Amino acid sequence: AGDSRITSCTYRNNKIWCAHNVFLPSGSAATRCSIMWWQIDSFANPLQNGMIDNATGPQFYAYPSIAVNQNNDALIGFSAFSKTTYASAAYALHMHTDPADSMRPINIYRHGQASYFQNFGSGKNRWGDYSGTCVDPRNNTDFWTIQESVPSAPANYWDTWWAYVTVCPANASYSKANDSVNIGVSDV
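Because the structure is predicted, anything quoted here is derived from the model rather than measured.

Engineer: Explain the nonpolar core to me, please; I cannot follow it from the model alone.
Structural biologist: By size, the foremost hydrophobic cluster in this structure holds 15 residues, and its most contacted members are I35, I52, I76 and F78. Listed by contribution, the elements that provide at least two residues to this core are β2 (15-24), β3 (32-41), β5 (60-68), β6 (74-81) and β7 (88-94). In terms of residue count, the dominant contributor to this core is β6 (four residues). For I52, the contacting residues outside a window of four places in its chain are S34, I35, Y61, I76, F78, A92, M103 and I106. Core analysis: the next-biggest nonpolar cluster, separate from the first, contains twelve residues, A67, L75, Y109 and V165 among them.

Engineer: Looking at this structure, I do not really get the layout of surface pockets. What am I missing?
Structural biologist: Any space left empty among the atoms is revealed by the rolling of a water-sized probe across them. The space that makes up the second largest pocket amounts to roughly 380 Å³. Lining the second largest pocket are Y91, L93, M95, R104, P105, N107, Y164, V165, T166, V167 and C168. At the level of secondary structure, the elements contributing two or more residues to the lining of the second largest pocket comprise β7 and β11 (159-165). When its residues are assigned to classes, the lining of the second largest pocket shows eight nonpolar, two polar and one charged.

Engineer: Mind showing me how you'd approach the pattern of salt bridges here?
Structural biologist: A side chain with one charge may pair with a side chain of the opposite charge, provided their charged atoms come close. By the definition in use, this model includes two salt bridges. Linking R104 and D98 is a salt bridge whose minimum nitrogen-to-oxygen distance equals 2.8 Å. Here R104 falls in the partly exposed class, since its relative accessible area comes to 38%. Look at D98 and you get buried, because its relative accessible area is 15%. When the shortest N-O distance is used, the salt bridge between R138 and D136 registers 2.7 Å. Judged by relative accessible area, which is 65%, R138 ranks as exposed.

Engineer: It is not clear to me how unusual backbone geometry should be interpreted in this structure. Could you clarify?
Structural biologist: A negative phi angle characterises most non-glycine residues, just as the trans form characterises most peptide bonds. Of note in the backbone geometry, A44 takes a positive phi value of approximately 70° without being a glycine. Of note, the phi angle at D101 is positive, near 70°, even though the residue is not glycine. Inspection of the secondary structure assignment puts D101 in the loop between β7 and β8 (107-110). The class of D101 is partly exposed, set by a relative accessible area of 40%.

Conventions and cut-offs
Residues numbered from 1 in each chain as written. Predicted model: local features only at pLDDT ≥ 70, side-chain atom pairs only at ≥ 80, totals over all residues. Heavy atoms only, no water. Core = buried A, V, L, I, M, F, W, Y, C linked by side-chain atoms within 4.5 Å. Buried < 20%, exposed > 50% of the residue type's maximum accessible area, 1.4 Å probe, protein only. Helix = DSSP H or I, 4+ residues; strand = E, 2+ residues; numbered from the N terminus. Contact = heavy atoms within 4.5 Å. 1 Å grid on protein atoms, 1.4 Å probe; cavity = no way out; pocket = protein on both sides within 12 Å on 5 of 7 lines; lining within 4 Å. Points joined across faces, edges and corners; volume = space filled by probe spheres on them. Nonpolar A, V, L, I, M, F, W, Y, C, P; charged D, E, K, R; others polar. Salt bridge = Lys/Arg side-chain N within 4 Å of Asp/Glu carboxyl O.

This is the structure in structure tokens:
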């Protein structure tokens, strides 16, 4: 999963937002990779920071990219994988109305279909450093993210998938008569 340098940083609404890999547990041999994100003011004071982490899995989350909309909602796109799950495309959302330092549950929008191994002679499996997340310029509220996953064929190839993430306004309501949910829809 590379290293822990900041890989994504953006300046929005007079704040700096960034995300990067962290390796846990700290101070010993790492057993997983997680994502740490930050919101920092223009005087370098941290306002909030949080983690996307699964200590019980361990699930690996890596190669984040972050975007922030006009309302200070933040979306982080990233790769998710483990010993028992194929590399998948995922994102998590922090709404400005959410508690500080928190992130909403992870959404895996493209499940990996096969294993992946490409070391290009280095001995290390190279994966995941293609990640992009941005605000939709049409409304300055919704998000787009593009992440990698693994297709079923050919072997040891990766593909990229876009997700469009709509941010509902605060006064939005759900009505069973007017809204629907797709159940059993495959991303294959």
